[in-house]
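# Remarks on the overall topology
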Amino acid sequence: MAKNGGAHGTTTLFGLLALASMVKLGFVAGGGHDYAMALRKSILYFEAQRSGVLPPNQRVSWRASSGLFDGKANGVDLVGGYYDAGDNVKFGLPMAFTVTMMSWSILEYGKQMAAAGELRNAMDAVKWGTDYFIKAHPEPDVLYGEVGDGDTDHSCWQRPEDMTTSRQAFRVDPQHPGSDLAAETAAAMAAASIVFRGTYPGYANLLLVHSKQLFEFADKYRGKYDASITVARNYYGSFSGYGDELLWAAAWLFEATEDRSYLEYLAGNGEALGGTGWSINQFGWDVKYPGVQVLAAKFLLQGRAGDHAAALQRYRQNAEFFVCSCVGKGAVNVARTPGGMMYHQRWNNLQFVTSASFLLTVYADFASISGRGAVRCPAGAAQPFDILKFVKSQVNYILGDNPRGTSYMVGYGASYPRQVHHRGASIVSIKRDPSFVSCQEGYSSWYGRQAGNPNLLDGAVVGGPDEYDDFADERDNYEQTEAATYNNAPLLGVLARLAASCGGLKEEEYEQETATPVVNRTSSSSSLPATAIEIEQNVTRTWARRRRTYYRYAVTVTNRSRRKTVRELHLGVSGLRGRLWGLEEARYGYVPPRWLPALRPGRSLRFAYVQPAPAPANVWVTGYKLV
């Protein structure tokens, strides 16, 4: 469970863009890891997270049915769905993202899953989620977005089969909107409808009906869901707002229906909702912009853009910023640990590694299939095989190729976390000992045990190590030892891709290929689409103190648009070694002071900082809206 925005503790957004050209090259997975086994285990983990009446073919035998009265107090059947992590709450936003990413994995790499014998299990995992979403959407403008609440859940350590905590259900409706929640659920059902189109066409059509209604509801009654379902705010708060989810849903509905009104929505609202304004190197259950941008780039590369090619090109530029930043060839790059893992934050960092790995994989494949070749990055071209080689390094790190020699997928390899922060796994199975376990007994008898969990949470990807590759396998170390469904969902497609031989470079050639050295660079200016914003830095004063020379920099940020006003301006600042004046720190970088909510055409924002070095800090635009 993400606590206090834990999935975004140190979110970093950047605004430099890359242009692209391409080369057709393939990739073959190498030896050393059994990716097919990892795929099987990763799908199996979702069975341990099931809520509701478990089916006869349930493979995780230590689990039993639970949450059998969910929704009853609200007069609706909400039995089913998934618990998000190590707790017993059903949170709608991360559950919907999980289903979207499982579906996307199948859509891109279903053939490889079938070759590994896992396609049916993957589809069953998706359907377990969509069956619940159908129940949770009993009316066109009503969506139940949570069952249970994190506060009472956190006061209790109990098997889901023994739950005595609150199972109150919370919903969004026209009077209490939740555009982000409704749109993400629409995206999940649209993506899943494509998954089931060939095998269950009636079910696929039903999912599309729900998806269209939810998108219309999300767009018509706009608002953040955590303002309506306030109990979710400390666990899965919508920090990015709902603009990304609206675009995400529109993209998936276009993919599912080929209805060009959804493409027009995607193209026409790119500026207003941030799709063409935000360049971001983090993708997950809250921030969907990179996923939207990769999908839009796919439409462009497939020749499906039509009259909207210019708008989709701006999406594509942002998608390639994401690629360059992740592989280490951007103007500003994702940090890495000494062992080579992408690093964003201590709390559940691996969620961002798996989600980025998926986007990188599909983008490299899009580039290869379209014949466009390499991504042109500030620090040199990123060939598709370079991108995929980097993805493989991240997956291998998760599976044990790291300084600790620890696999961060439970049950894979010889060394993996034994004290996973998970209520059901850490208490003896109800099938082995049916004696009731109370909230406090769970804490006193099971939570603090030094021994490993009695039940294996097979396939779960835990939060993972810190920025120094350090990891403590302790049950109370929830930042590192708690697993989550949205950690695994993007990994399904990547593992399927790695498990299959997809042609292209031979293994020995692939291993000998020398990648361009990683260069961590920054830039002092921004080059966003439409070049609306100009940044200028100047030294205005220098002085010496205690044998050091200090420099005062004045920064001027100017709106160069002739007619449009810049609103919701966000700036990134890195390499700063002194104090800064004139900006306010925000969730995503820095923003102008409250008395300056907008920059009219030709107007400027000025701020200053002190730097104990002649090199300036790096200042760039991370996002804005032109109105």
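In what follows, the accompanying structure is described. Just so it is clear, the model here is predicted, and its values are computed rather than measured.

Below, the discussion takes up the state of the cysteines. Applying the stated criterion across every chain yields a total of 2 disulfides. Paired through a disulfide, Cys 156 and Cys 439 show a sulfur-sulfur distance of 2.0 Å. Note on the Cys 156 and Cys 439 pair: the S-S dihedral is about -85°, so by sign convention the disulfide is left-handed. Here Cys 156, found in the loop between helix 4 (150–154) and strand 3 (169–172), pairs with Cys 439, found in helix 16 (residues 439–447); they are 283 residues apart in sequence, far enough to count as distant. When its relative accessible area of 3% is taken as the criterion, Cys 156 is described as buried. Take Cys 439: its relative accessible area is 16%, and that puts it in the buried class. The thiol of Cys 326 is unpaired, and the distance to the nearest cysteine sulfur, on Cys 324, comes to 9.5 Å. Judged by relative accessible area, Cys 326 falls into the buried class, the value being 0%.

With that out of the way, let us pick up the nonpolar core. Grouped together as the largest cluster of nonpolar side chains are 154 residues, with contacts concentrated most on Trp 104 and Leu 266. Among the elements that line this core, the one with the most residues is helix 5 (residues 179–196), at 13 residues. Among residues more than four places away in sequence, those in contact with Leu 266 are Leu 247, Ala 251, Val 292, Ala 296, Phe 299, Leu 312 and Tyr 315. One finds Ile 533, Leu 583, Tyr 590 and Val 621 within the second-largest nonpolar core, a separate group that totals 24 residues.

Now for the packing of aromatic side chains. In the structure shown here, the tally under the stated rule is 27 aromatic pairs. Considering the side-chain rings of Tyr 553 and Tyr 609, the 5.1 Å spacing of their centres and the 15° angle between planes classify their relative orientation as stacked. With Tyr 553 in strand 9 (residues 548–559) and Tyr 609 in strand 15 (residues 604–611), this pair connects stretches of sequence that are 56 residues apart. Residues Tyr 553 and Tyr 609 agree in their burial class; the two are buried.

Turning to the side chain of Lys 288, a few remarks are in order. Among the structural elements, Lys 288 can be located in the loop between helix 10 (260–268) and helix 11 (289–301). Lys 288 sits in the buried class, given a relative accessible area of 0%. There is a polar contact of 2.9 Å between the side chain of Lys 288 and the backbone oxygen of Trp 285. Residues contacting Lys 288, with those up to four places away along its chain left out, are Leu 93, Phe 97, Glu 184, Asp 244, Glu 245, Trp 248 and Phe 283.

It is worth spelling out the sheet that holds strand 8 (residues 533–545) at this point. Strand order in the open sheet formed by 4 strands is 8-9-15-11, with antiparallel pairing between adjacent strands. The sheet is open, and its two edges are formed by strand 8 and strand 11 (580–581), each paired on a single side. Note that strand 8 and strand 9 share 12 bridges and pair antiparallel. Its bridge partner lying in strand 9, Arg 545 is registered against Arg 548.

Turning next to the packing of helix 6 (residues 201–220) against helix 9 (residues 243–257). Between helix 6 and helix 9, the shortest axis-to-axis distance is 11 Å and the interhelical angle comes to 150°. In terms of orientation, helix 6 lies roughly antiparallel with respect to helix 9. In this structure, helix 6 meets helix 9 at a crossing whose hand is left-handed. On helix 9, the residues touching Leu 208, Ser 211, Lys 212, Phe 215, Ala 218 and Asp 219 of helix 6 are Leu 246, Ala 249, Ala 250, Leu 253, Ala 256 and Thr 257. Residues of the contact of helix 6 with helix 9, tallied by class, amount to 8 nonpolar, 2 polar and 2 charged.

What follows covers a nonpolar patch on the surface. On the surface, a cluster of nonpolar side chains totalling about 330 Å² of accessible area is made up of Val 53, Leu 68 and Phe 69. By the element assignment, Leu 68 lies in the loop between helix 1 (35–48) and strand 1 (90–91). On the basis of relative accessibility, which here comes to 42%, the residue Leu 68 falls in the partly exposed class.

Attention shifts here to the pattern of salt bridges. With the rule as written, the count across this model stands at 26 salt bridges. Residue Lys 135 is joined to Asp 77 by a salt bridge in which the shortest nitrogen-to-oxygen separation is 3.3 Å. Here Asp 77 lies in the loop between helix 1 and strand 1 and Lys 135 lies in helix 3 (residues 119–136), a separation of 58 residues in the sequence. On the accessibility criterion, Lys 135 (30% relative accessible area) is partly exposed. Given the relative accessible area of 41%, Asp 77 is considered partly exposed. Measuring nitrogen to oxygen at the nearest pair gives 3.1 Å for the salt bridge that ties Lys 127 to Asp 131. With Lys 127 and Asp 131 both in helix 3, this residue pair falls 4 residues apart, about one helical turn. One connected set of salt bridges, linked through shared partners, spans Glu 108, Glu 255, Glu 258, Lys 298 and Arg 304.

The rules behind each value
- Residues numbered from 1 in each chain as written.
- Predicted model: local features only at pLDDT ≥ 70, side-chain atom pairs only at ≥ 80, totals over all residues.
- Heavy atoms only, no water.
- Disulfide = S-S within 2.5 Å.
- Helix = DSSP H or I, 4+ residues; strand = E, 2+ residues; numbered from the N terminus.
- Buried < 20%, exposed > 50% of the residue type's maximum accessible area, 1.4 Å probe, protein only.
- Core = buried A, V, L, I, M, F, W, Y, C linked by side-chain atoms within 4.5 Å.
- Contact = heavy atoms within 4.5 Å.
- Phe/Tyr/Trp six-rings, centres within 6.5 Å; stacked < 30°, edge-to-face > 60°.
- Polar contact = N/O pair within 3.5 Å; in protein donor to acceptor, adjacent residues only side chain to side chain.
- Pairing = 2+ DSSP bridges.
- Axes fitted to C-alpha atoms, helices over the stretch in contact; angles between N-to-C directions.
- Parallel < 35°, antiparallel > 145°, perpendicular 65-115°, else oblique.
- Left-handed = near helix turned anticlockwise from the far one by under 90°.
- Nonpolar A, V, L, I, M, F, W, Y, C, P; charged D, E, K, R; others polar.
- Patch = residues over 30% accessible without salt bridge, like charges linked within 9 Å, V, L, I, M, F, W, Y side chains within 5 Å.
- Areas by Shrake-Rupley, 256 points an atom, 1.4 Å probe, with all protein chains shown as cover.
- Salt bridge = Lys/Arg side-chain N within 4 Å of Asp/Glu carboxyl O.

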